[in-house]
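# What the coordinates show
So you can see what is in the structure, the chains are spelled out below.
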Amino acid sequence: MKIYNPLVKNKLKKAINPFVLKNYIHYKYTTLRNRFFYGKKRILRFVKIEVSKECPSKCKTCNFWRTKTLMNGEEICTKKLSFDQMKKLGRELKEIGCGIVHLHGGEPFLYPEILELIEYLKELGVYVQTDTNGLLINKKVAERFVKTGIDSISFSLDAPTRELNDFIRGVNGAYDKLINAIKLIQAADKDNKIYKNINATVSVYNIGHIDKILDVAHTLGISSVTFGNVVSFGKNVKEICDKTFGKKVGSVAYMNPDLMVKDKLLIERKIEEIKKKANNLGISVGGLFLSLSPELIISGKRRLNSICNYFLYRCIIDIYGNVYPCDFLRYPLGNIHQNSLKKILGQNFTEFYDIYRKNWKNLEICEFCCYG
């Protein structure tokens, strides 16, 4: 079975992008070094910018659209970053040496200048990736999107049928609009320059049909599918995290109802069906649902508790300018409205990292994270 490799730009060329590979090697080296020596040196290689907090989908497996606060539970007290501030941030990322930017949401296409931002980042020589539910993409947007020079896009699809997918996504017509969006982008990308992937979140709702998403991908000419397992932890997990840091830190984005699949035999059977079908169709597959043990999938956890240095080479910046170490530990390092990113990732990061190193064994929230 071919496992999805994020460094492979597309299946036809089977060529590893040397720019992405260079960054990948840098942050892997940094992670391994700090696992053993617990160092503090940061080599920022990857930044996720949440360009929108809003989303037209109402997914049962997501909490972004429900939340009226910041993702750590704090009140929203700053205005959104302007497009000029986004461009300035892009220039600073380039100067720092960060080569990969993931434009995320919410739904990224709700950001009014999303296409202009992609174009600007590409002019700076940055590798840009994004994701979408497809609800806002028409022919004009698709054609303009392809012309931006975007490197990678992931399409969110949770079921192989219209009825089930729309139920999970919480929007009537979600399935048809996403399929149409994929077709439009495929048609506009005549040279197949954009790496395209379908991302599916496995939950109690779709586990019985999850392998059939490969059939949909094959029909649409998508050669990569990622299967993630749903994340769901309780309020107590966040409270422990907040108490450890003395402020609101734990992410509320994944505090969903219990949606994890509990049937071990069903999990094992579906994994085998996915592998077999992927081989038959020639589709690259990957994701935590295929790589974790059934026991971890049942618990909702995504990795064993161990020290993590994800934030030594990555960070998260939301649409309000807040900078955080990672998705789950939303410790407020600073805000782009007040300071440069370089300054924000200085003293405040050291304070965060010192607390983390002393308390990581007690941070159960980190066991639900897929990084490190």
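Above this text sits the structure in question.
Presented here is a report on the structure given in the accompanying data block. Each chain has its residues counted from 1, following the order in which its sequence is written. Side-chain atom pairs in this predicted model are given and counted only at pLDDT of 80 or more, local residue features only at pLDDT of at least 70, and totals for whole chains, interfaces and linings cover all residues. Based on all heavy atoms of the structure, the side-chain values leave hydrogens and waters out of the count.

### Quick look at the overall build of the protein chain
Helices and strands together make up the secondary structure of the protein chain, namely 13 helices and 10 strands. Across the 372 residues that make up the protein chain, the buried fraction comes to 55%. When contacts within the protein chain are restricted to residue pairs at least 6 apart in sequence, long-range pairs at least 24 apart make up 74% of them. Residue-level accessible areas treat just the shown protein chains as cover; the underlying method is Shrake-Rupley with a 1.4 Å probe. For the protein chain, the accessible surface area stands at approximately 16100 Å², while carbon and sulfur atoms represent 54% of it. Numbered from the N terminus, helices here are DSSP runs of H or I no shorter than four residues, and strands are runs of E no shorter than two. Only protein chains enter the calculation, and the probe is 1.4 Å; a residue is then buried if its accessible area is under 20% of its type maximum, exposed if over 50%, and partly exposed in between. We call two residues contacting when some pair of their heavy atoms lies within 4.5 Å.

### A word on the packing of aromatic side chains
Under the pairing criterion, centres of Phe, Tyr and Trp rings, with the six-membered ring standing for Trp, must be within 6.5 Å; the plane angle then separates stacked pairs below 30 degrees from edge-to-face pairs above 60, leaving the rest tilted. This model, assessed by the stated rule, comprises 16 aromatic pairs. Ring geometry for Phe-233 against Phe-328: centres 6.3 Å apart, planes inclined by 45°, an arrangement best described as tilted. With Phe-233 in the loop between strand E6 (224-229) and helix H8 (235-245) and Phe-328 in the loop between strand E9 (322-324) and strand E10 (334-335), this residue pair connects regions lying 95 residues apart in the sequence. Comparing Phe-233 with Phe-328 shows no difference in burial state: the two are buried.

### Examining empty space enclosed by the protein
Grid points spaced at 1 Å over the protein atoms alone were grouped into cavities, where a 1.4 Å probe fits but cannot get out, and pockets, open sets with protein on both sides within 12 Å along at least five of seven lines, with lining residues defined by an atom within 4 Å of a point. Grid points are joined across faces, edges and corners, and a volume is the space filled by probe spheres set on the points. Scanning all chains against the criterion turns up four cavities of 30 Å³ or more. In this structure, the largest cavity spans a volume of roughly 60 Å³. Around the largest cavity, the lining residues are Glu-50, Ser-52, Lys-53, Phe-64, Leu-70, Met-71, Asp-318, Ile-319, Tyr-320 and Arg-330. The residue classification treats Ala, Val, Leu, Ile, Met, Phe, Trp, Tyr, Cys and Pro as nonpolar and Asp, Glu, Lys and Arg as charged. All others, Gly included, are polar. Within the lining of the largest cavity, the residues separate by chemical class into five nonpolar, one polar and four charged.

### As for the pattern of salt bridges
Salt bridges are defined by distance alone: a side-chain nitrogen of Lys or Arg within 4 Å of a carboxyl oxygen of Asp or Glu. Scanning the model with the defined rule gives 21 salt bridges in all. Across the salt bridge formed by Lys-48 and Asp-327, the nearest N and O atoms sit 2.3 Å from each other. Of the two residues, Lys-48 is situated in strand E1 (residues 46-50) and Asp-327 in the loop between E9 and E10; the sequence distance between them amounts to 279 residues. Judged on exposure class, the residue Lys-48 and its partner Asp-327 are both buried. With a shortest N-O distance of 3.7 Å, Lys-301 and Glu-364 are connected by a salt bridge. Taken as a pair, Lys-301 in the loop between helix H11 (294-299) and strand E8 (314-318) and Glu-364 in the segment after helix H13 (347-359) lie far apart in primary sequence, 63 residues in all. Through salt bridges that share partners, Asp-211, Asp-215, Arg-269, Lys-270, Glu-273 and Lys-277 make up one connected network.

### Considerations on the nonpolar core
The term nonpolar core refers to a set of buried residues drawn from Ala, Val, Leu, Ile, Met, Phe, Trp, Tyr and Cys, joined through side-chain atoms within 4.5 Å. Core analysis: the largest hydrophobic core is formed by 101 residues, its most contacted members being Leu-103, Phe-227, Phe-289, Leu-329, Phe-352 and Tyr-356. The dominant element in this core, judged by the number of residues it contributes, is helix H6 (residues 174-188), at seven residues. Leave out the neighbours within four places in its chain, and Leu-103 touches Ile-49, Val-51, Pro-108, Ile-114, Leu-117, Ile-118, Leu-121, Val-128, Gln-129, Thr-130 and Asp-131.

### Section: the sheet that holds strand E5 (residues 195-202)
For two strands to be treated as a pair, DSSP must find at least two bridges joining them. The sheet built from 10 strands is open, its strands ordered E7-E6-E5-E4-E3-E2-E1-E8-E9-E10 with mixed pairing. At either end of the open sheet lies a strand with only one pairing partner, and these are strand E7 (284-286) and E10. Here E1 runs beside E8; their pairing, made up of five bridges, is parallel. Considered in E8, the bridge of Val-47 is made with Cys-315. Most of the contacts of helix H7 (residues 213-220) go to E6, to which it runs at about 155°, and overall it touches E5, E6 and E7. Axes here mean lines fitted to C-alpha atoms, for a helix over just the part in contact, with angles spanning 0 to 180 degrees between N-to-C directions.

### What to know about the environment of Arg-302
Structurally, the position occupied by Arg-302 is in the loop between H11 and E8. Between the C-alpha atom of Arg-302 and that of Glu-367, which follows or precedes it by 65 residues, the distance is 6.0 Å. Once residues lying within four places of it in the same chain are set aside, the contact partners of Arg-302 are Asn-229, Val-231, Leu-288, Leu-292, Glu-367, Phe-368, Cys-369 and Cys-370.

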